[in-house]
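Residue-level structure breakdown
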Amino acid sequence: MGRKSLNSCPSFSLLNLHKIIVSPYSSQTQSYKPLPQKSFFKFDSKDTHIDSLCKDGRIHEAIDILCEQKRLKEALQVLNQIDKPSPSIYSTLIQSCLHNRALEEGKKVHDHIKRSGFLPGLVISNRLVDMYAKCNSLPNAHKVFDEMSQRDLCSWNVLISGYAKIGLLKEARKLFDKMPERDNFSWTAMISGYVRHDIPNEALELFRMMKRSDNSKTNRFTISSVLAATSAIRCLRIGKEIHGYIIRTGLESDEVFWSALSDMYAKCGSLDEARCIFDKMRNRDIVTWTTMIDRCFGEGKRKEGFDLFSGLLRSGIRPNDFTFAGVLNACADLSEEGVGKQVHGHMTRIGSDPFSFAASALVHMYSKSGNMVNAERVFKGLPRPDLVSWTSLISGYAQNGLPGEALWYFELLLKSGTQPDHITFVGVLSACAHAGLVDKGLRHFHSINKKYGLTHTADHYACIIDLLARSGRFEEAEKIINKMPMQPDKFLWASLLGGCRIHGNLRLAKRAADALFEIEPENPATYVTMANIYATAGMWDEVAKIRKTMDDRGVVKKPGVSWVEIKREVHVFLVGDDSHPRSKEIHGFLGKLSEKMKEEGFVPDTNFVLHDVEEEQKEQNLFYHSEKLAIAFGIISTPEGTQIKVFKNLRTCVDCHTAIKFISKLTKRKIIVRDSNRFHCFEDGKCSCGDFW
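Residues numbered from 1 in each chain as written. Predicted model: local features only at pLDDT ≥ 70, side-chain atom pairs only at ≥ 80, totals over all residues. Heavy atoms only, no water.

What the protein contains, in helices and strands, is 36 helices and six strands. Residues classed as buried in the protein amount to 48% of the 693 residues present. Counted over contacts in the protein with a minimum sequence separation of 6, partners at least 24 positions apart contribute 63%. Summed over its atoms, the accessible surface of the protein is roughly 34,700 Å², and 51% of this surface lies on carbon and sulfur atoms. (Helix = DSSP H or I, 4+ residues; strand = E, 2+ residues; numbered from the N terminus. Buried < 20%, exposed > 50% of the residue type's maximum accessible area, 1.4 Å probe, protein only. Contact = heavy atoms within 4.5 Å. Areas by Shrake-Rupley, 256 points an atom, 1.4 Å probe, with all protein chains shown as cover.)

Going through the model one piece at a time under the given rule, you end up with 18 aromatic pairs. Summarising the aromatic geometry, the rings of Phe425 and Tyr452 are spaced 5.3 Å apart at their centres and angled 55 degrees between planes, so their arrangement reads as tilted. Here Phe425, found in helix α25 (residues 422–435), pairs with Tyr452, found in the loop between α26 (438–450) and α27 (458–470); they are 27 residues apart in sequence, far enough to count as distant. When the centroid spacing of 5.4 Å and the interplanar angle of 75 degrees are considered together, the rings of Phe445 and Tyr461 count as edge-to-face. In this pair, Phe445 sits in helix α26 while Tyr461 sits in helix α27, placing the two residues 16 residues apart along the sequence. Taking relative accessible area as the criterion, Phe445 reaches 4% and is therefore assigned buried. With a relative accessible area of 9%, Tyr461 lands in the buried category. Three or more aromatic residues link up through ring pairs in this structure, and these residues are Phe379, Trp390, Tyr397, Trp408 and Tyr409. Residue placement shows Arg151 over the ring face of Phe145; its charged tip is 4.2 Å from the ring centre. Over the aromatic face of Phe278 sits the side chain of Arg284, whose NZ or CZ is 4.4 Å from the ring centroid. (Phe/Tyr/Trp six-rings, centres within 6.5 Å; stacked < 30°, edge-to-face > 60°. Lys NZ or Arg CZ within 6 Å of the ring centre and 35° of its normal.)

Moving on, we get to the pattern of salt bridges. Inspection of every chain in the model, using the stated rule, returns 28 salt bridges. Where Lys648 meets Glu627, a salt bridge forms, and the shortest distance between an N and an O atom there is 2.9 Å. Linking Lys648 in strand β3 (residues 644–648) with Glu627 in helix α35 (residues 626–636), this pair joins segments that are 21 residues apart in sequence. With a relative accessible area of 9%, Lys648 lands in the buried category. The network of salt bridges with shared partners includes Arg173, Asp177 and Glu202. (Salt bridge = Lys/Arg side-chain N within 4 Å of Asp/Glu carboxyl O.)

Taken N-terminus to C-terminus, the directions of helix α29 (residues 490–503) and helix α30 (residues 506–519) make an angle of 150 degrees; their axes are 9 Å apart at the nearest point. Looking at the two axes, α29 sits roughly antiparallel to α30. For the crossing formed where α29 meets α30, the hand is left-handed. Together, Lys490, Trp493, Ala494, Leu496, Leu497 and Cys500 of α29 and Leu508, Ala509, Arg511, Ala512, Ala515, Leu516 and Ile519 of α30 make up the contact between the two elements. Its residues assigned to classes, the contact of α29 with α30 comprises eleven nonpolar, no polar and two charged. (Axes fitted to C-alpha atoms, helices over the stretch in contact; angles between N-to-C directions. Parallel < 35°, antiparallel > 145°, perpendicular 65-115°, else oblique. Left-handed = near helix turned anticlockwise from the far one by under 90°. Nonpolar A, V, L, I, M, F, W, Y, C, P; charged D, E, K, R; others polar.)

Turning our eyes to something else, we now look at the pairing of strand β1 (residues 561–566). For β1 and strand β2 (residues 569–574), the ladder comprises six bridges, and the chain directions are antiparallel. Among the inter-strand pairings, Glu565 is bridged to a residue of β2, identified as Val570. The loop that links β1 with its antiparallel partner β2 comprises two residues; one of these, Lys567, has a positive phi angle of about 50 degrees. As defined by bridge partners, β1 adjoins β3 across three bridges and the pair is classed as antiparallel. If you follow Val564 over to β3, its bridge partner there is Val646. (Pairing = 2+ DSSP bridges.)

Within the element layout of this structure, Asn184 appears in helix α11 (residues 184–196). Look at Asn184 and you get partly exposed, because its relative accessible area is 22%. When the C-alpha atoms of Asn184 and Thr218 are compared, they prove to be 6.6 Å apart, with 34 residues separating the residues in sequence.

Each strand in a sheet pairs with another by means of backbone hydrogen bonds, the pair being arranged parallel or else antiparallel. Ordered by their spatial adjacency, six strands build an open sheet running β2-β1-β3-β4-β5-β6, and the pairing between neighbours is mixed. On the outer flanks of this sheet lie β2 and β6 (686–687), each paired with one strand and no other. As paired elements, strand β4 (residues 671–674) and strand β5 (residues 679–683) share four bridges and run antiparallel to each other. Within β5, the residue paired with Arg674 across the bridge is Phe679.

This brings us to helix α17 (residues 286–298). Its 13 residues give α17 an end-to-end C-alpha distance of 18 Å, which sits within 8% of 18 Å, the value for a rise of 1.5 Å per residue. Among all positions in α17, only Ile286, Thr288, Trp289, Thr290, Met292, Ile293, Cys296 and Phe297 are buried. Residues of α17 that are buried sit in contact with α15 (256–267), α16 (271–280), α18 (302–315) and α19 (321–334). Two residues or fewer after α17 comes Gly300, characterised by a positive phi angle close to 80 degrees. (Expected span 1.5 Å × (residues − 1).)

Let's shift gears to the side chain of Asp263. Examined against the element boundaries, Asp263 turns out to sit in helix α15. Here Asp263 is in contact with Ser231, Thr291 and Arg295, once residues within four sequence places are set aside.

Phi angles above zero are rare outside glycine, and Asn136 is one such case at about 60 degrees. Within the element layout of this structure, Asn136 appears in the loop between α7 (122–134) and α8 (138–147). A positive phi angle is found at Asp684, which is not glycine, with a value near 55 degrees. Mapped onto the elements, Asp684 comes out in the loop between β5 and β6.

Moving on: helix α23 (residues 387–399). Between its first and last C-alpha, α23 extends 18 Å over 13 residues, near the 18 Å set by a 1.5 Å rise per residue. Along α23, the positions that sit buried rather than exposed are Ser389, Trp390, Thr391, Ser392, Leu393, Ile394, Gly396, Tyr397 and Ala398. Where the residues of α23 are buried, they touch α21 (357–368), α22 (372–380), α24 (403–415) and α25.

Residue position: Thr218 is located in the loop between α12 (200–212) and α13 (220–233). Thr218 gets classed as buried once you look at its relative accessible area, which sits at 16%. With eleven residues separating them along the chain, Thr218 and Phe207 place their C-alpha atoms 9.3 Å apart. The residues touching Thr218, leaving out its near neighbours within four places in the chain, are Asn184, Phe207, Met210, Ile223, Tyr245 and Leu251.

Here we come to the packing of α27 against helix α28 (residues 474–483). α28 packs onto α27 with a crossing angle of 160 degrees between their chain directions and a minimal axis gap of 8 Å. As far as their axial angle goes, α28 and α27 are roughly antiparallel. For the pair α27 and α28, the crossing hand works out as left-handed. Contact with α27, carried on its side by Tyr461, Ile464, Ile465, Leu468 and Ala469, involves Phe474, Glu476, Ala477, Ile480 and Ile481 of α28 and no other residues of that element. The class makeup of the residues in the contact of α27 with α28 is nine nonpolar, no polar and one charged.

This is how it looks when you write it as structure tokens:
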């Protein structure tokens, strides 16, 4: 039926035909709602309708209308009766697809353009390239780019940026090198692409090329990327060159760079310059404050870090979870429970979110400080404890000599449906090691991969070797070491050496020591432990050889340092220290205490004194160990019954461990000692470790 007869038929109208056309987005049996009849002849009303739908985010409906009009046109074969969509409507649809990252819908619009015979101009072609690039369909973007009869800077930049963002930097660079001209966006797209995908040296080389280009002007985005590249390679010289360039080009007045500059200097090891820039900043946000605080703690500037946190609180800017977590983790690492409690109080006052990771950091801080009462209290106040909280509590109990509680909480973790990770199992295995639960520890060790599908890590192996070696089960330990899928690390060998010291296993001690001498020949702990083992065996010639080797290699024994906090003031003691203002009182008190201890049956353990000297001299050397001095000062400086908490940088020796048990009983004090290995809680002549540490 031709067009004339169709139009002359009174029973067949355009409206009736519209009703029988089937949409590809619906089944044939579905009812179809017709649009107003007028819209079949002019696209103007449809343009408005499509534009309105796009603004409302109803992209599917907008494309339905577009495709529906084309099918109607084909069915009627009246091309001159129905107008084509205007370029603006295509542009609107493409932009909407780009905004919603609607790739499939964007392809339909593109297909409509090609089938309609419409020849897109530069603007619409660029939008198609941009849409495909940002929807990660780079082959389609490149195809449109290749088909363009005319290209401008935008065409090149959009495609290069698309490749650079997803890491296809070789393709991006090929296009970049072919560009007839470049602008700031071109350079920045490539430089930021290199930085984003960890190729900072290429980014810096490209920046040098950019500076040599006559028609290029640097903007804030380029400089920010270049500073990030400098931070990544941690080159202070280049960082200073960039800073000089910022000053010369007049960009220093833009505070956007100041935070990046401060971060760059800190990462390049110049914290003083980072702080200098930070102090000049007028508008510091919480990110800037938090970064600077973290840098101070990271560089060991304890006082500066805490002072900055106090300054933040005074500034009126509210700390966020990252700020609190960073400070609490620093308190945990530095044994600053007092400051940690203040942070806890501030979090409570401002109503910190109990679901946040900062709340988990509180559990970690109290656990690392040996305050398991508060750690458990905070943990029980969490609405839904995360794995970090569970692990901190389990590890805290293990390190505080409470393995039963650690393993109990591990069972609760499993019942809660939380899946443990490899760090959780380090805490579990440590609990077994500190309690001498060999069989239970082995069961947990084997369950890591058999039951939970996790891969054993070097830390797991170090823990299980520590457990077996402490228990004297060296044959099993050797079998596990020989079958390990990775090379044993220094922690494993140190664990084995520690067990050999306890049980006097010279053969395995030599194997462990030789491995440690190769891995870290500068570590004095290995030499000292071997000398202790030889001294216990009465092999003084071997002790002398060890000491000579240390002298020849320039290895110096790390001095034992202990400290105690009294009335918010930290008092530090070295072995044999007599520099404290109350040194005479401390020594006098220790002398009287020593006599009472001997009356109670205490016998100094001189086996680990390295020098082959008279027994009396050995006892005198032991008498002035740093932890004994710190404990004595704590006792004479506090009222009766006050708990004493002492921290030490090295592992406490056997003699001090025994002596402190006697001191706790004689003085009726609870004495907590945190050494480099764990917490020891002494009370009424007993230690929480059960003499197994």
